[in-house]
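Below are the chains, spelled out letter by letter.
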Amino acid sequence: MAFDSFSAFIAMEGHGPYVWACYAVFFVLMLLMMIGSVRSRKAIVESCRRGYEFQADKSKVAASPPPSASFARVNVSQD
Amino acid sequence: MWQFFHKLGSPKWFFGISTRFMPWLLAGGVILLMAGVVWGLAFAPEDYLQGNSYRIIFIHVPTAFMAQSVYIMMASAALVTLVWRMKLADVFVKAVAPVGLVLTFLALFTGAVWGKPTWGTWWIWDARLTSMLILMFLYGGVIALDRAINDEKSAARAVAVLVLVGVVNIPIIKYSVEWWNTLHQPATFKLTEKPSMPAEMWVPLLLSVLGLYLIFGWLACVRMQTEILSREQRTRWVREFVMKGRV
């Protein structure tokens, strides 16, 4: 240790506020940037998944059996 | 060689390989940075001239070094974007510009706080400080220009040109302390000479530089993956990766 006591370590012979302010800002900004980057990655994965599920639901509806009554034109002989 | 080059440009290949490296980059970076910072703060000897304020060096030098190093990487990627139209290079430029901005801000901030007890002033329009401020504006300009252009391809080209023009600032930052020798001290590390500090000071400094480098690598991977996912969400491979939980 370069310091005799913990309080000497905090005070840094009067330079404490400068040193600790630098380290605090450094760690806060780095952490914010790291957390923010992970979060936006998660958000895009989530929005992709929702989009794909929505598409899958739509194609399921399209593939389901047709209803019994339909308005499709039926060709009936006129004879 | 060419096959490797093509692979390198493929977002899918990058996605797979970066996912494998990311945990190691993060773990290694955090361990090295913490080791360097704890060693520098508590165990390194006091500077005979500057007292304890010099302990700011263990984050000031890593952030300042990375701020310039990121710009050089961005410029290389910009060149690749212009010459080979490689998608991944453009993704890199866009992903790391905000990281560069934060690192440059941190270098300026820690420098200003270090300057107060050492030089007696927060700020001075010295060549090194001014050229670093210009670097911060360049990063800001890159981000703004990219957001201002909607078309992906024209944005990529415009941003690449801006990044390449701004590269002229890098040698100015590097040599400013020698050309205009004012308040800022010259570099601590030089490739050709032994460091001007004892090992108990420069070893922790080197550790924190390496640590921040690895953390930057991790950040770049995370952010590039985000950009790739948002650009390629209509492709089949992204769909497969997302639905099988491989992201």
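Residues numbered from 1 in each chain as written. Chains lettered and ligands numbered in written order. Predicted model: local features only at pLDDT ≥ 70, side-chain atom pairs only at ≥ 80, totals over all residues.

Undergrad: Just give me the short version of the overall build of chain B, but keep the residues and values in it.
TA: For chain B, the count of helices and strands is 9 helices and 0 strands. Shown N-terminal to C-terminal, the secondary structure of chain B runs as helices and strands in the order α-α-α-α-α-α-α-α-α. Scaling as 2.2 N^0.38, a compact globule of 247 residues should have a C-alpha radius of gyration of about 18 Å, and chain B matches this with 20 Å. Along the first, second and third principal axes, the C-alpha set of chain B runs to 60 × 35 × 30 Å. Out of the 247 residues belonging to chain B, those deemed buried represent 40%. Taking contacts inside chain B between residues at least 6 apart in sequence as the whole, the part at least 24 apart equals 77%. (Helix = DSSP H or I, 4+ residues; strand = E, 2+ residues; numbered from the N terminus. Rg over C-alpha atoms; globule rule 2.2 N^0.38 Å. Buried ≥ 20, exposed ≤ 12 C-beta atoms within 10 Å, placed from the backbone. Contact = placed C-beta atoms within 7 Å.)

Undergrad: Describe the overall build of chain A, listing the residues and the values that go with them.
TA: Secondary structure assignment for chain A yields 2 helices and 0 strands. For a compact globule of 79 residues, the expected C-alpha radius of gyration is about 12 Å, and chain A comes in at 33 Å, more than 25% above that figure. Summarising its shape, the C-alpha atoms of chain A cover approximately 110 × 15 × 15 Å along the three principal directions. For chain A, buried positions account for 14% of its 79 residues.

Undergrad: Any chance you could break down the interface of chain B and chain A for me, citing the residues and the numbers?
TA: Contacts between the two partners involve 33 residues from chain B, matched on the other side by 27 residues from chain A. For the side of chain B that touches chain A, the secondary-structure elements that each account for two or more residues are helix H2 (11–43), helix H4 (87–119), helix H8 (199–231) and helix H9 (236–243) of chain B. The leading source of residues in the side of chain B that touches chain A is H4 of chain B, at 9 residues. Here the side of chain B that touches chain A is composed, by residue class, of 20 nonpolar, 8 polar and 5 charged. (Nonpolar A, V, L, I, M, F, W, Y, C, P; charged D, E, K, R; others polar.)

Undergrad: Describe in detail helix H5 (residues 127–148) of chain B, supporting the description with residues and values.
TA: Residue and element names in this part refer to chain B. A rise of 1.5 Å per residue sets the reference length of H5, with its 22 residues, at 32 Å; its end C-alpha atoms lie 31 Å apart and thus fit the reference within 8%. Along H5, the positions that sit buried rather than exposed are Arg128, Leu129, Met132, Leu135, Leu138, Tyr139 and Val142. Lining the buried residues of H5 we find helix H3 (57–84), H4, helix H6 (152–166) and helix H7 (169–179). (Expected span 1.5 Å × (residues − 1).)

Undergrad: Which residues make up the environment of Ser10 of chain B, and what are the values?
TA: Residue and element names in this part refer to chain B. Mapped onto the secondary structure, Ser10 falls in the loop between helix H1 (2–8) and H2. Residue Ser10 is classed as partly exposed on the basis of its C-beta count, with 14 C-beta atoms lying within 10 Å. Considering only alpha carbons, one finds Ser10 and Ser154, 144 residues apart in sequence, at a separation of 20 Å.

Undergrad: Which residues make up the confidence of the model for chain B, and what are the values?
TA: Residues of chain B with pLDDT of at least 70 account for 94%, and the chain-wide mean is 88. Of all secondary-structure elements in chain B, the lowest mean pLDDT belongs to H1 of chain B, at 62, while H3 of chain B reaches the highest, 94. (pLDDT = per-residue confidence, 0-100.)

Undergrad: Describe the packing of H2 of chain B against H8 of chain B, naming the residues involved and giving the relevant values.
TA: All names here are of chain B. Between H2 and H8, whose axes approach to 6 Å, the crossing angle comes to 150 degrees. When the axis of H2 is compared with that of H8, the two are roughly antiparallel. For the element pair H2 and H8, the recorded crossing hand is left-handed. For the contact of H2 with H8, the class distribution of residues is 22 nonpolar, 9 polar and no charged. (Axes fitted to C-alpha atoms, helices over the stretch in contact; angles between N-to-C directions. Parallel < 35°, antiparallel > 145°, perpendicular 65-115°, else oblique. Left-handed = near helix turned anticlockwise from the far one by under 90°.)

Undergrad: Got a sec to walk through the nonpolar core? Specific residues and values, please.
TA: Counting 76 residues, the largest nonpolar core has Ile56, Val70, Met74, Phe92, Val93 and Val96 of chain B as its most contacted members. When contributions to this core are tallied by element, the ones reaching two or more residues are helix H2 (16–63) of chain A together with H2, H3, H4, H5, H6, H8 and H9 of chain B. (Core = buried A, V, L, I, M, F, W, Y, C linked by C-beta atoms within 7 Å.)

Undergrad: Please set out H4 of chain B residue by residue, giving values where relevant.
TA: Residues and elements named next belong to chain B. Spanning 33 residues, H4 covers 46 Å between terminal C-alpha atoms, matching the ideal 48 Å at 1.5 Å per step. Val96 marks where H4 bends most, by close to 35 degrees; the proline Pro98 follows one to four residues later. Burial of H4 is extensive: 24 of the 33 residues sit out of reach of the surface. Downstream of H4 by one or two residues, Gly120 has phi in the positive range, about 90 degrees. (Bend = angle between axes of the 7 residues up to and from the residue.)

Undergrad: Any details on the packing of H3 of chain B against H8 of chain B? Residues and values, ideally.
TA: Residue and element names in this part refer to chain B. Where H3 meets H8, the axes come as close as 9 Å, and the angle between the chain directions of the two elements is 45 degrees. Classified by the interaxial angle, the pair formed by H3 and H8 is oblique. The interaxial crossing formed by H3 with H8 has right-handed handedness. Of the residues in H8, those in contact with Ile57, Phe58, Ile59, Val61, Pro62, Phe65, Met66 and Val70 of H3 are Pro204, Leu205, Ser208, Val209, Leu212, Tyr213 and Phe216. Grouping the constituent residues of the contact of H3 with H8 by class yields 14 nonpolar, 1 polar and no charged.

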